[in-house]
Amino acid sequence: MATPSSLSPVTPTYYDVLRVERGASADGIRRAYRKLAQTYHPDKMPGNANAARAMAAINAAYEVLADSERRAEHDRWIDRVQSPAPRRPARAEPADDWAFLHPATGWPWYLLFATILFALGTVAAALYLTAFPLRM
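Right, let's walk through the structure included here.

What counts and what doesn't
- Residues numbered from 1 in each chain as written.
- Predicted model: local features only at pLDDT ≥ 70, side-chain atom pairs only at ≥ 80, totals over all residues.
- Heavy atoms only, no water.
- Axes fitted to C-alpha atoms, helices over the stretch in contact; angles between N-to-C directions.
- Helix = DSSP H or I, 4+ residues; strand = E, 2+ residues; numbered from the N terminus.
- Parallel < 35°, antiparallel > 145°, perpendicular 65-115°, else oblique.
- Contact = heavy atoms within 4.5 Å.
- Nonpolar A, V, L, I, M, F, W, Y, C, P; charged D, E, K, R; others polar.
- Core = buried A, V, L, I, M, F, W, Y, C linked by side-chain atoms within 4.5 Å.
- Buried < 20%, exposed > 50% of the residue type's maximum accessible area, 1.4 Å probe, protein only.
- Salt bridge = Lys/Arg side-chain N within 4 Å of Asp/Glu carboxyl O.

## Details of the packing of helix α3 (residues 49–66) against helix α4 (residues 68–82)
Piece 1. Two elements in contact, α3 and α4, have axes whose closest approach is 5 Å; the angle formed by their N-to-C orientations is 105 degrees. Put simply, α3 runs roughly perpendicular to α4. Two secondary-structure elements touch here, α3 through Glu-63, Val-64, Leu-65 and Ala-66 and α4 through Ser-68, Arg-70, Arg-71 and His-74.
Piece 2. Tallied by class, the residues present in the contact of α3 with α4 amount to three nonpolar, two polar and three charged.

## Things to note about the nonpolar core
A general tendency of soluble globular proteins is for nonpolar side chains to be buried together.
Piece 1. One finds Tyr-15, Leu-18, Val-20, Ile-29, Tyr-33, Ile-58 and Leu-65 to be the most contacted residues of the largest nonpolar core, which totals 14 residues.
Piece 2. Elements represented by at least two residues in this core include exactly α1 (14–18), α2 (26–40) and α3.
Piece 3. Counting residues per element, this core draws most heavily on α2, which supplies five residues.
Piece 4. Not counting residues up to four positions away in its chain, the partners in contact with Tyr-15 are Val-20, Glu-21, Arg-22, Leu-65, Arg-71, His-74, Asp-75 and Ile-78.

## A word on the packing of α2 against α3
Think of two packed helices as two axes; the pair is described by the angle between the axes and how far apart they sit.
Piece 1. At a minimum axis distance of 10 Å, the contact between α2 and α3 shows a crossing angle of 170 degrees. On the basis of the axis angle, α2 is roughly antiparallel to α3. Between α2 and α3, the residues in contact are Ile-29, Arg-30, Tyr-33, Leu-36, Ala-37 and Tyr-40 and Ala-51, Ala-54, Met-55, Ile-58, Asn-59, Tyr-62 and Leu-65, respectively.
Piece 2. Looking at side-chain class alone, the contact of α2 with α3 contains 11 nonpolar, one polar and one charged residues.

## Section: the pattern of salt bridges
Piece 1. A full pass over the atoms with the stated rule returns four salt bridges.
Piece 2. Residue Arg-22 pairs with Asp-75 through a salt bridge whose shortest N-O separation is 3.5 Å. Of this pair, Arg-22 sits in the loop between α1 and α2 while Asp-75 sits in helix α4, and the two are 53 residues apart along the sequence.
Piece 3. The class of Asp-75 is buried, set by a relative accessible area of 18%.
Piece 4. Note that Arg-30 is salt-bridged to Asp-27, the shortest N-O span being 3.1 Å. Here Arg-30 pairs with Asp-27, and both are found in helix α2, just three residues apart, close to one helical turn.
Piece 5. Overall, Arg-30 belongs to the partly exposed group, its relative accessible area being 31%.
Piece 6. Classification of Asp-27 by relative accessible area gives partly exposed; the value is 38%.
Piece 7. Because the salt bridges share partners, they merge into one network encompassing Arg-22, Asp-75 and Asp-79.

## Some words on unusual backbone geometry
The phi torsion of most residues other than glycine is negative, and most of the peptide bonds are trans.
Piece 1. Even without a glycine there, the phi angle at Arg-19 is positive, about 60 degrees.
Piece 2. The class for Arg-19 is partly exposed, based on a relative accessible area of 38%.

By themselves these figures say nothing about function.
The structure is reproduced here in structure tokens:
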């Protein structure tokens, strides 16, 4: 029996379907396929609706693992899924307070200053219109 893979249980590999190790030989894969085909063949399990689905999964796994190119592609897919996602490097700590507060270091500061300027402009316009009302 194959050991459980480190992939999520929702994504079994073809090795899991055939219950063989990843480094199994072509003869070992063929033997596992024949054993499972005899066990799960729909003719051997009349009335079982899952037998056809199980046999389809077994056939698909054998087709991929029997072909050396497709097997290598499947192995690359497993490696890609199992490898951790690349992490972005952490940002360096600012050297001093000015390096942290400098407006050119990030967009949040520009947003803050734009909001303050808009609020001051609104207050100034309200004060001006209160001091000098429109005459018509």
